[in-house]
Structures are given as C-alpha cells and as structure tokens.
Amino acid sequence: MIGKWHIVALAALGGMLAHSLHFSILLVILVWLSLLYYTRRIRLPLLLLSSIASLLFFGNSILGQKIPPQLPLNEPIQLTSAISDLSETKERIQFTAEDPSGSASIQVTYFKQEEQEAVSGLSAGSQCVIKGSLVQPDPATNPGQFNFQHYLRQQGIYYEIELQDLEDISCAGTSQFGQLLKARTAFLHKTDKILDPHTAAWVQAMIAGEDSNLDEETVELFNRWSLSHILAISGMHIALFSAILFFLLTKLQILTIEKTYWFLFVFLAVYPVFAGGEPSVWRSALMVMLIMLLMRFRIKLPIIDSISIVFILLLVLDPHYLYHIGFQFSFLVSLALLLSARLYTGSFISALLETSLLSQLVILPLQVSQFYFLNPLSVLMNLFAILFYTFIAIPLLLLISILLYPLPHFAALIGEGFRFLNELVIRFIQWIDGVAFYPWVTGELPIGISLVYFLVLILFCSAWEEGRRRKALWYGALLTSIPLTAVLLPYTSSTGYVTMLDIGQGDAFVIELPYRRGVYLIDAAGSIGMDFQPTDKNFDQVIKPYLYERGIVKVDGIFASHADHDHIGSIGKLTEEFHVEWVRTSVYFDRSKASQWHSDTKIIPWRAGEMLRLSGWEIQLLAPLRDKKDLNKNSLVMYTMLGGKSWLFTGDIGKEEEKEIIRRYPSMQADILKVGHHGSNTSTDLAFLLQLKPETALVSAGRNNRYGHPSPEVVDSLLQQNIRIWRTDTDGAVVYAFSGKTGTFSPFLP
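Anyway, here's the lowdown on the structure attached to this text. Here the structure is a predicted model, which is why all the values come from computation and not from measurement. (Residues numbered from 1 in each chain as written. Predicted model: local features only at pLDDT ≥ 70, side-chain atom pairs only at ≥ 80, totals over all residues. Heavy atoms only, no water.)

**Re the pattern of salt bridges**
- A complete count under the given rule lists 24 salt bridges for this structure.
- When the shortest N-O distance is used, the salt bridge between Glu423 and Arg419 registers 3.4 Å. One end of the pair is Glu423 and the other is Arg419, both in helix α15 (residues 408–436) and four residues apart, which spans about a single turn.
- Among the residues examined, Glu423 registers a relative accessible area of 25% and is labelled partly exposed. (Salt bridge = Lys/Arg side-chain N within 4 Å of Asp/Glu carboxyl O. Helix = DSSP H or I, 4+ residues; strand = E, 2+ residues; numbered from the N terminus. Buried < 20%, exposed > 50% of the residue type's maximum accessible area, 1.4 Å probe, protein only.)

Following this line, the structure appears as structure tokens:
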C-alpha cells in the first residue's frame, strides 16, 4: 500500500464525481482499477480497497444527500435547534441551525445595531429558540452571476432567516467548540480595541480567518492579481506558524523538543476551529499532524500518501468540502508541487519563481471557471508578494497576536510598523495595477480545452524535469496558447445572441453579432442602495460578470434610451472598465447625466429617421420626433432585424408616443417587441399591438417591484393577442440565440 494511497484517493474522488456529474465516471474508475490490476501495477488488496472506496463515496453521495422539506416561506415560525458554524464580526452575527426534521440547514443572520453587545448565551453547540421568517437564498438569474443559492446548497443550507431583533433568539448551553469560538470572538474584540483598524483587520484575517473587515478595494486588488490565497489561512501560514512556534519554544527552552512536538500536535488540532474551519486550514493542519506522528513513531510514508490520506479523511468528515474552491485550490497546488519537487534545482529565488509559476499554471482552469479571466503577470507579482508576506508580514502578525495580551502597548507599536510596511506594499501593487493590468478575459473555459490544458501541462513538467529545455519551451508556448483558444472561439462562431439581462427594475440588453463583429448594449441600468443612493451593484454583480463570462472586453457601442438611472446608471462603469467606443443618445438627451462617463468615449446625438449602418448590422431610429420635455417620452425607439426577426425597442415611451409611431409608420410590424416602461399600464396600447402583430414580448421588470410592473392589464392584452411573454422577474435573463435567419429564445431560470 505504501506509495499507492493516491489510487484510493482518486477512486474515492471518482465515486463522488460520478454522482455529481455522470454515472459513467464510476464505470471508468472501475475499469481503470481493473486494468491496473490486470497489468500487475496494483495487487488484489489495493484493488478491493480502491473499488470499495469508489462505491462507498458514490453511495454516500446519494444516500447522504439531503432532501429538504417544503417549509412555509415568508411566514413567522419558531424552531429549536443546536447551532453551529458561529461567526461574529462588528457588523453581524451568523450561524447555522437545523430545521425540525434535521434534513436541511438554515443560515441565520443578525445585523448588529451600533455598539450592540453579543447575544447572551450564544455559542457553538448552544440550544437556541429562534423566531423569524424563512426565505430561500437567491439563485443566480443571469449567466456569469455568482449563484449564492447553489453555493449554500453545496453546504447543505436551503433556507435563510434574518433576525430583526435580539428578542427573537434565546440560547442556553454550550460545547467545547463553543468555548474555543468564544475565545476567538474575544480575540477579535481585543484586536479591535488595541490595534489600529488596518492592522486589526489583517490580524483577524491572517490569524483568526475572519476576513470580513478587510478593505474591499484591497480584496478586489488581490483577486485581480491572483493574490487572494495570501488573504486566507493556508498551508503556507500553518507551516510558518508551526516553524516559528517550534523555534521559540525550543530555542528559548520553554519546552523540550519532545514536549514541543506534543504541544504543536494539540495546537494544530484546535487551531483550525479557531481560524474559522476552512478546508485549506484543516488540510494543512492534518498534514503537519500526520507527518509529526509518522516521525514520532518512525514510520516512513511518502508525502503523496500523506496528502492522499488527508484528502480521504476530510471527505469522510464532510463530503461538502469537495465543492469548496479553497479545498480544490489547496489540494491541486499541493499535489502539483509534490509531484514536481525534482524540478527545483536552482537557487532559492529560482525555486520560488518556479513554484509560483507552477502554482499559477495548475489552478488556471479553476481560476478561469471562477473569474473568467487570467492575469499573465500575476506570476511575478506572486513572487514579490509571497516574499513579503511570508518573511515579513506573517511573522509580524503572529508576533503581534502573541503580545496582544501580555504586552498590548508593544503589540500596538509593532502594529503601527506593520501598517506602514503593508500600506507601502499595497500602494506599490496599486501602482502596478494602474500601469500593467492587462487581463486575458477568456470567458467560460470549455471542459475539453481544460483537459487538453492539463495534458500539455504534464508534458511541459515532464520535459522540464528531464532537462529537455527546448521541448519544454515548445510545450510552454503551446500551454500559453490554449487559453487564447477560448478567447478566439467567439470569432469563429456563426451564432449571435440578444440577451435581456435580469437587472431588476431596469433595462439592459446585450447584442453579440456573429463572428464577434460587434458587441452593443441597449441601456445599462444602475442600482439603488438601501439609503436610496446609486450603487454599482448591477454592474459588479450582473453586467460585468456576464460580459466576462462571454469573453467580452470591448463594447463597440451603447444605445442610451433616455437619462433615467434605471436605464443608464451603469454606463459610467462600463466606459471606465471596458473599451466603449461610443454612446448614442437622443438629440434631446441631458448631457449633464453623462458627467461620469469616461472622456475617451464619444457621445453621439442621434436624430429620428437616421439609419445606422454597422459591420453586419443595421438599426434605425424612429423616435423621439421632437422634444417632449420628459425623460420617458424622449426615449429612443429603435427598429432592427436580428436572426431573421424584426425587433422594436421602445425604452419607456407611453401610449401617446406609440400612437405617433404607428401613424408615422402605418405598415410597420415587429416580430419581437420590447414592452415599453417595464410593462406599465401607461404603455402598450391595444392599437399598437394590433398593428405591430408581435409574436414575442420582452418585459424587463424587478421581482416584487413597488410599481406592480408588469401591469396585469398589459399582461392580459398581450395574452389575448396570443403573444409569448418573456419576463425577467419570472424567467431571469432571456437569451435569443440566432444563426442566419433562425433563432430560439431560452430563459436562464428553469
């Protein structure tokens, strides 16, 4: 069995993937094991153990899958449950409870009021009585959008409760884990009290695994440069903590070497709980603990066996770990570095650069699947950042944490030094970001391309290890070109798309012409926050992820129908982050509304009656004919042909404008009508429908919006004319995919 545990791990992984993806994976695994046995590469005991592991993990995935009960939504309920996964920050308290049947988890959140103390008796393992209303987590309703519902369901969480008042919860009892988490909460409060906010946030993130207080701009910056692993406790942190503690305890003769080993063993057993329980922390801690046990009892076991055993153990403890991106990154990088250990034969800096390069290469498909882009220069940035955070930042933060209780003033003084150095580093990264951030936006990476990528990566590492530098260079060039294949695919496709994004109460249409001849938007709604102030939520969570998912970095033009925020609120961010050549507006458009648009983007007034001829597309402006001194009435009304269908986009015009259009164009018809003003009863006159004779109507409206859009009156009119209605509030994003003169509509939501 020694040296073969990775076969058991792969068999177990195959069993789980067979349930998640396709049953045929299980058959492939069993055939593979049989071939290994037939060719005498494994013996009968290993064949049996691996086969049993594959079948057990496959069966556990089916039998262990929770079928959530149908619980009443948006109705007051009361439940009694032990709580777990308790997390507390300055802003909120969050934990997990179980429904009465125990078949589904519920995420409970309470947002604190200013200077509010913790809930009395609340700790992990407490038995709590909770009052509130159940809601289901929001699913993704657009391509590329983060699917919060899917994310929670992978953890077995199917419902949410937001507590409105502390009187809605009462708790009693605790557990040993609860005591440890109380210590964690006390540690977080201590850092807030003693340290400056910048240092406190970094100590909380790098020592206690609580990253909610990190500056959002810094988190985004680190994501852009593939440095997010630095912000999470990982194997690097665990190894460094263990080495520093071992050095201090032995060199200062606080403990003997023997007792230091046992102290570290206990420390590593409890620290992952203190650090938030992330899979990457458990992996690192269990790896070190296993290695220490093997050394203590003088058992020789290859590192590949150790990591395989830890992999199996973690999936036995919690199969949901498999879907955790930190778990995937952690094991994939660790496995790659172990298998390629013989590559690192040069100097320390050379080995560090090679390690950074391989780490980035091996996680690239996973990274692209999450963010839809890669940053070629991130390897060099990682080299710089890893040196600083490994040898300066993390030791300083650990020292600050150790001194926090016995010498708080000294800890605060060191914290000031850390803040000075860290802010310098962050400013340097920001400067590099401003002058050298050139991401490759690949879009969604097809699984076939990912498999080819990993095959070439193996050939690259093999050639490098064998010293065949010229061949390795050739494989490296091929490896670099593979992601570019995904970038170039849209330019070879004869399929075009018209997508009505689910933007809430607003409009945003994306038009992608075949062979990527052009990408255009008709409106790009902004969003409004709880304080009724404009926010970038729609851009950050819907528009940008969709464009990235489609591999779009350049927008040829935007048609701004009129100057309402629910139509143009995201155009400023689009012109800032994408290469937008022009924005076309009515000649009556208020230019002051464009003050935040990027100066490089041309604003082109457009007059009614003009035909715009673009590469592979024509679109005609029908209205406004004159200035009506009203934003909605001055909306652009555009007529075009796409996918063999005639389209009419109407902005927010009313019935008066509709009548003017059919009087001016008495023979005009439209196969597809973008219903005016989100389905308000001020638009969509019956005479308008009778002349146009549309077969399809598109309605962009927010769920449960306060205006009641679309109006039942409008819906009835459309249905009476046998018009198929697609609506964002029920269908999510709606995509019309076309090739030549044929196309089909499909909703994002089932």
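On we go.
**Considerations on the sheet that holds strand β4 (residues 105–111)**
- Strand order in the open sheet formed by four strands is β2-β3-β4-β6, and the pairing between neighbours is mixed. The two strands at the open ends of the sheet, each matched to only one other strand, are β2 (84–88) and β6 (157–163). On average, adjacent strands in this sheet sit at an angle of 20° to one another, irrespective of strand direction.
- Bridge count for strand β3 (residues 92–98) against β4 is seven bridges, and the pairing is antiparallel. Bridge assignment links Thr96 to a residue of β4, and that residue is Gln107. (Pairing = 2+ DSSP bridges. Axes fitted to C-alpha atoms, helices over the stretch in contact; angles between N-to-C directions.)

**Comments concerning the packing of helix α8 (residues 235–251) against helix α9 (residues 257–274)**
- With their axes 10 Å apart at the nearest point, α8 and α9 run at an angle of 145° to one another. Crossing of α8 against α9: the hand is right-handed. Judged by residue contacts, Ile238, Phe241, Ser242, Leu245, Phe246, Leu249 and Thr250 of α8 engage Ile257, Thr260, Tyr261, Phe263, Leu264, Phe267, Leu268 and Tyr271 from α9.
- Along the lines of polarity and charge, the residues of the contact of α8 with α9 split into twelve nonpolar, three polar and no charged. (Left-handed = near helix turned anticlockwise from the far one by under 90°. Contact = heavy atoms within 4.5 Å. Nonpolar A, V, L, I, M, F, W, Y, C, P; charged D, E, K, R; others polar.)

**Observations concerning the pairing of strand β5 (residues 127–133)**
- Only one face of β5 is buried: it carries Cys128, Ile130 and Gly132, and the other face, with Gln127, Val129, Lys131 and Ser133, is open.
- Examined bridge by bridge, strand β1 (residues 76–82) and β5 share seven bridges and lie antiparallel to one another. From the neighbouring strand, Leu79 faces β5, where its bridge partner is Ile130.
- For β5 and strand β7 (residues 169–172), the ladder comprises four bridges, and the chain directions are antiparallel.

**Description of the packing of aromatic side chains**
- Inspection of every chain in the model, using the stated rule, returns 42 aromatic pairs.
- Centre to centre, the rings of Tyr520 and Trp582 are 6.0 Å apart; their planes meet at 35°, and the pair counts as tilted. Of this pair, Tyr520 sits in strand β12 (residues 519–524) while Trp582 sits in strand β16 (residues 579–586), placing them 62 residues apart in sequence.
- Arranged with centres 5.3 Å apart and planes meeting at 70°, the rings of Trp647 and Tyr736 form a pair that is edge-to-face. One end of the pair, Trp647, is in strand β21 (residues 645–649); the other, Tyr736, is in strand β25 (residues 734–739), and 89 residues separate them in sequence.
- An aromatic cluster is built from Phe509, Trp647, Phe649, Trp726, Tyr736, Phe738 and Phe745, whose rings are joined through pairwise contacts.
- We note Arg224 situated over the ring of Phe437; from NZ or CZ to the ring centre the distance is 3.9 Å. (Phe/Tyr/Trp six-rings, centres within 6.5 Å; stacked < 30°, edge-to-face > 60°. Lys NZ or Arg CZ within 6 Å of the ring centre and 35° of its normal.)

**Description of the environment of Lys628**
- With respect to the helices and strands, Lys628 occurs in the loop between β19 (617–623) and β20 (637–642).
- In this structure, the C-alpha to C-alpha distance between Lys628 and Glu657, residues 29 residues apart in sequence, is 10.0 Å.
- Setting aside anything within four residues of it in sequence, one finds Lys628 in contact with Lys633, Asn634, Glu656, Glu657 and Glu660.
- At a separation of 2.8 Å, a polar atom in the side chain of Lys628 contacts the side chain of Glu660. (Polar contact = N/O pair within 3.5 Å; in protein donor to acceptor, adjacent residues only side chain to side chain.)

**Some words on unusual backbone geometry**
- Between Ala623 and the following residue, Pro624, the backbone shows a cis peptide bond with an omega angle of 15°.
- Relative to the assigned elements, Pro624 resides in the loop between β19 and β20.
- Cis geometry marks the peptide bond from His709 to Pro710, where omega comes out at -5°.
- Relative to the helices and strands, Pro710 resides in the loop between β23 (696–699) and α23 (712–720).
- In this structure, Tyr372 takes a positive phi of about 65° despite not being glycine.
- Relative to the assigned elements, Tyr372 resides in the loop between α13 (348–371) and β8 (373–374).
- Tyr372 sits in the buried class, given a relative accessible area of 13%.

**Description of the nonpolar core**
- Formed by 112 residues in total, the largest nonpolar core has its most connected members in Trp202, Phe222, Tyr271, Tyr389, Leu547 and Leu574.
- Looking at which element gives the most residues to this core, the answer is helix α14 (residues 378–403), with ten residues.
- Among all residues touching Leu547, those that are not within four sequence positions of it are Val510, Ile552, Val555, Leu574 and Phe578.
- Membership of the second largest hydrophobic core comes to 26 residues, among which are Leu612, Leu614, Leu642 and Tyr736. (Core = buried A, V, L, I, M, F, W, Y, C linked by side-chain atoms within 4.5 Å.)

**Focus on the state of the cysteines**
- Considering all chains together, one arrives at one disulfide under this definition.
- Sulfur-sulfur distance for the disulfide between Cys128 and Cys171 comes to 2.1 Å. Judged by the sign of its S-S torsion, about 110°, the bond between Cys128 and Cys171 is right-handed. Taken together, the residues span a long stretch of sequence, with Cys128 in strand β5 and Cys171 in strand β7 at a distance of 43 residues. (Disulfide = S-S within 2.5 Å.)

**Here's the deal with the sheet that holds β1**
- Spatially, the three strands line up as an open sheet ordered β1-β5-β7, and their pairing is antiparallel. The open sheet is flanked by β1 and β7, the only strands paired with a single partner. Mean inter-strand twist for the sheet, computed between neighbouring axes without regard to direction, equals 20°.

**Considering the pairing of β2**
- Pairing analysis gives three bridges linking β2 to β3, with the strands arranged antiparallel. Directly across from Ser84, in β3, lies its bridge partner Thr96.

**Some thoughts on the side chain of Arg224**
- Here Arg224 lies in helix α7 (residues 216–224).
- Residue classification places Arg224 among the buried residues on the basis of a relative accessible area of 19%.
- At a separation of 3.1 Å, a polar atom in the side chain of Arg224 contacts the side chain of Asp433.
- The contact partners of Arg224, leaving out residues within four places of it in the chain, are Phe373, Asn375, Asp433 and Phe437.

**So, the packing of α8 against α14**
- α14 packs onto α8 with a crossing angle of 55° between their chain directions and a minimal axis gap of 11 Å. Taken together, the axes of α8 and α14 lie oblique to each other. Classified by chirality, the crossing of α14 by α8 is right-handed. Residue-level inspection shows Met236, His237, Leu240, Phe241, Ile244 and Leu248 of α8 in contact with α14, the latter providing Ile386, Thr390, Ile394, Pro395, Leu398 and Ile402.
- For the contact of α8 with α14, the per-class residue count stands at ten nonpolar, two polar and no charged. (Parallel < 35°, antiparallel > 145°, perpendicular 65-115°, else oblique.)

**A word on helix α6 (residues 197–208)**
- When the terminal C-alpha atoms of α6 are compared, their 15 Å separation across twelve residues agrees well with the 16 Å that a helix rising 1.5 Å per residue should span.
- Counting buried positions over the twelve residues of α6 gives eleven, a clear majority of the element.
- Within α6, burial applies to His198, Thr199, Ala200, Ala201, Trp202, Val203, Gln204, Ala205, Met206, Ile207 and Ala208.
- Of the residues that open α6, the one with a side-chain oxygen 3.1 Å from the backbone nitrogen of His198 is Asp196. (Expected span 1.5 Å × (residues − 1).)

**Considerations on the environment of Glu220**
- By the secondary structure assignment, Glu220 is in helix α7.
- Glu220 gets classed as partly exposed once you look at its relative accessible area, which sits at 38%.
- Put simply, Glu220 and Leu79 are 141 residues apart on the chain and 38 Å apart in space, counted from C-alpha to C-alpha.

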